[in-house]
Amino acid sequence: MNMSVVDQDYLNTLNNQQKEAVLYTEGPLLILAGAGSGKTKVLTTRVTHLIQSKKCFGSQILCVTFTNKAANEMRERVQSLTQSNANSVPWLGTFHSISNKILRKHAEAVGLKPSFTILDTLDQLKLIKNILAAENIDVKKNPPKLIAYLIDHWKNKGLLPSEIKTSASDYSKNNALRIYKTYQERLKLMNCVDFGDLILHCVSIFRNFSEIRESFKRNFKYILVDEFQDTNFIQNLWLNLITSDTKNICVVGDDDQSIYSWRGAEVKNILDFEKNYSNTKTIKLEQNYRSTKNILNTASSLISNNDDRLGKKIWSDFDPGEKVWINSYSDGRDEATGTSDIIEKELIKKFSLNNISILVRAAFQTREFEERFIRIGLPYRVIGGVKFYERSEIKDALCYLRLIYQKNDDLAFERIVNTPKRSIGDTTLKKIHEFSRINNKNFFETSLELLDGNELKPKTKQSLKLLIKNLINWSKLSEQLGHVELLERVLDESGYTQMLINEKSPEADARLENLKELRSSMKNYPNLIEFLENISLQTAIDEEWDDEKINLMTIHAAKGLEFDCIFLPGWEEGMFPHQKSIEEKGDVAVQEERRLAYVAITRAKKRLFISFASNRKFFGNKNDNNDWMPSMPSRFIDELDKKYLNINEIAENSHQDFEFSQDNNFTENKRSPGWERYTKSREKIKTINYTNNLTDFKMGQSVQHETFGNGKIIHIDGNKLLINFKSSGEKKVIDKYLKKIANE
DNA sequence: TAACAACGCTTTTTT
DNA sequence: AGCGTTGTTA
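Quick summary incoming for the structure in this document. Fair warning: this is a prediction, and the values are worked out from it, not measured in the lab.

## Digging into helix α9 (residues 210–219)
- Listed in full, the buried residues belonging to α9 are Ile212, Arg213, Phe216 and Lys217. One side of α9 carries all its buried residues, which in axial view fall inside an arc of 135 degrees. Exposed and facing more than 90 degrees away from the buried side of α9 are Glu211 and Arg218.
- Buried residues belonging to α9 abut α4 (95–106), α8 (195–208) and α10 (233–242).

In structure tokens, the structure reads:
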């Protein structure tokens, strides 16, 4: 192939900066790419260019993306641009999937077998709980979630248990460290790794085995990293270790879109990049090809409230388009109704449903919209909701397979040993735990021994025996049968399918349906091993984009995506910015929430609707007023430049709450005036209930309770009343459960 | 001792 | 509304 102009057709659609970013191939390159500036296009074209101009083979390119989805899309685009086969760029993927691949090859170097299992968050938590129970540590004082969080953080910083220094006074941290140590030992024993280990083990291999490191360094002639602002310390180290001496490393990032600091991501990596690699070339992509001017300006006005920005000037050639709508609703149901009205009455005529998305801060917020859409029959899909592979029936099925494949997978054993019910309850399980600890054997081996002894009740013994016999049999079958047939046999012979059929509930039907889906997705893998080794990193079964459906997802999940129409509901103080994040990290967190809001706004191409409700319901509906909370519009709404907005107060009651006069000096006390008013209004509501109740009930009043019967008030504490019941004595009861009756 | 019912506490974001 | 813990039943 010669280097004619025709061969470089792929450059024709690029602007000057983009072209430069593609053609500057040698030496370190930092691309600061604003939202919608075509960075994916640049990356794919760059990969194409490297291959087409014969600078290297596709197999010599390391290209790291943030999600599997992004990797798949990029692979497809490169494929069609280079007209090559599917595996032309084998080292294209996420840090985790590439690490997985490396680790399967070099597992022995870190004391694992190549068949290791990747644990998901639920498995992790379960293991931590088991360790806590075995060591008699109070779960209330040491929440497993917190420990998991700490372990994850340590791993993101590249710290092994031996490398962590603690002060003796920090009780909970010391506890967590002890658990961390045991946790790692247990993982090794079960031949398992967690997400963090994938990266961490690779780093130790690169560090301790120079031949392996050098072979990768030699092979990877060019490295590309997407979403560099969201890489963390250990990932950065991982990269540094295998970057070759020619330093052909190109990173793409946007400091304004850094939204994963809670996962250890450091924007600092962008700033340090120029320090780490001397003679770094920096290219800024500032022209936006996605959004209308009104949308883009709205986004810019918001993000200008953040400090410490690298400073890009995003601009657009596009029309101003329609102004951004700010809609106010009285409650969440109104918000969902209003949203579906806009879609049905207006958008549906001009846009495909696939091009309409509702982006929320927290996953549970999609529910109100789902209910509405079901009610009126608008088709929708929830992206990244409950992960397919985390559904209980899918996990059950996978654990059967995991256990058949690896008898030492104690977590899998524990999960399925009594599912379906086999009369193997807590007591038996405890025995298995204890015995396996004492004898240093896994649960499967321990069960075999217990079956020999007289420790178990006959009924339990019999069903455990049957299970073990089945497992051994399935293991044998796994060598002859295809993996799909094996699953069918297992579900059948274990009684799992029957259990679901017997339930006769809609949920059980859905579960059976999901198992069918699992079966068909297994067909995409050649055998059981390939399947088990890859599903853990797979989040969902690929979405079907063929049907016309409205998309519901979290803002985090929308990263990297774009849609014609975007709805951003729930912009209320406490929800967005989220209260938890403010409590934990104060202003730093508010800035990250603001970046999240910026990401959300910049997903929109043509139409954008931001909304909030004045009253919000929490925790499902118990049909009383206790779960209602009045809410203030988010401070972010006040920060948007009104020039680009249409403000629409739909709900009558929201006027007094909705003001655009909040000043922005909340950096001092980390709370905006809006927040202050919000908390005050909450207190006020509580106070009103409280005084009303006091006027209703007086000392000595005779009352009636549904379950406790009749009694007399003998003490009043707020709305909690101490009652002396005739039949059951003194009890503390909330006033609203009481009825006044005539005094006797 | 296991299965089932009731209660109460919780909800950020994810590879 | 959904889960895990506690209390009650068979």
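## Remarks on the sheet that holds strand β1 (residues 29–33)
- In space, the six strands of this open sheet follow the order β3-β2-β6-β7-β1-β8, with parallel pairing throughout. Both outer strands of the open sheet, β3 (92–94) and β8 (281–285), are each paired with one neighbouring strand and no more. Taking each pair of neighbouring strands and ignoring which way they run, the sheet shows an average axis angle of 15 degrees.
- In this fold helix α2 (residues 39–52) packs onto β1, β2 (61–65), β6 (222–225), β7 (249–253) and β8, with an angle of close to 170 degrees to the strand it touches most, β6.
- Of the strands in this sheet, β2, β3 and β6 are in contact with α4, which crosses β3 at around 110 degrees.

## A few points about the pattern of salt bridges
- For the structure on display, the rule yields 46 salt bridges.
- Salt-bridge contacts for Asp197 lead to Lys155; the nearest nitrogen and oxygen are separated by 2.8 Å. Of the two residues, Asp197 sits in helix α8 while Lys155 sits in helix α6 (residues 144–156), which places them 42 residues apart along the sequence.
- A residue is classified by how much of its surface remains accessible, and Lys155, at 1% relative accessible area, is buried.
- Across the pair Glu488 and Arg519 runs a salt bridge whose closest N-O atoms are separated by 3.8 Å. Taken together, the residues span a long stretch of sequence, with Glu488 in helix α20 (residues 483–493) and Arg519 in helix α22 (residues 506–522) at a distance of 31 residues.
- A residue is classified by how much of its surface remains accessible, and Glu488, at 37% relative accessible area, is partly exposed.
- One salt-bridge network, held together by shared partners, links Lys39, Asp226, Glu227, Asp230 and Lys559.

Basis of the calculations
Residues numbered from 1 in each chain as written. Chains lettered and ligands numbered in written order. Predicted model: local features only at pLDDT ≥ 70, side-chain atom pairs only at ≥ 80, totals over all residues. Heavy atoms only, no water. Buried < 20%, exposed > 50% of the residue type's maximum accessible area, 1.4 Å probe, protein only. Helix = DSSP H or I, 4+ residues; strand = E, 2+ residues; numbered from the N terminus. Arc of directions from axis to C-beta. Contact = heavy atoms within 4.5 Å. Pairing = 2+ DSSP bridges. Axes fitted to C-alpha atoms, helices over the stretch in contact; angles between N-to-C directions. Salt bridge = Lys/Arg side-chain N within 4 Å of Asp/Glu carboxyl O.

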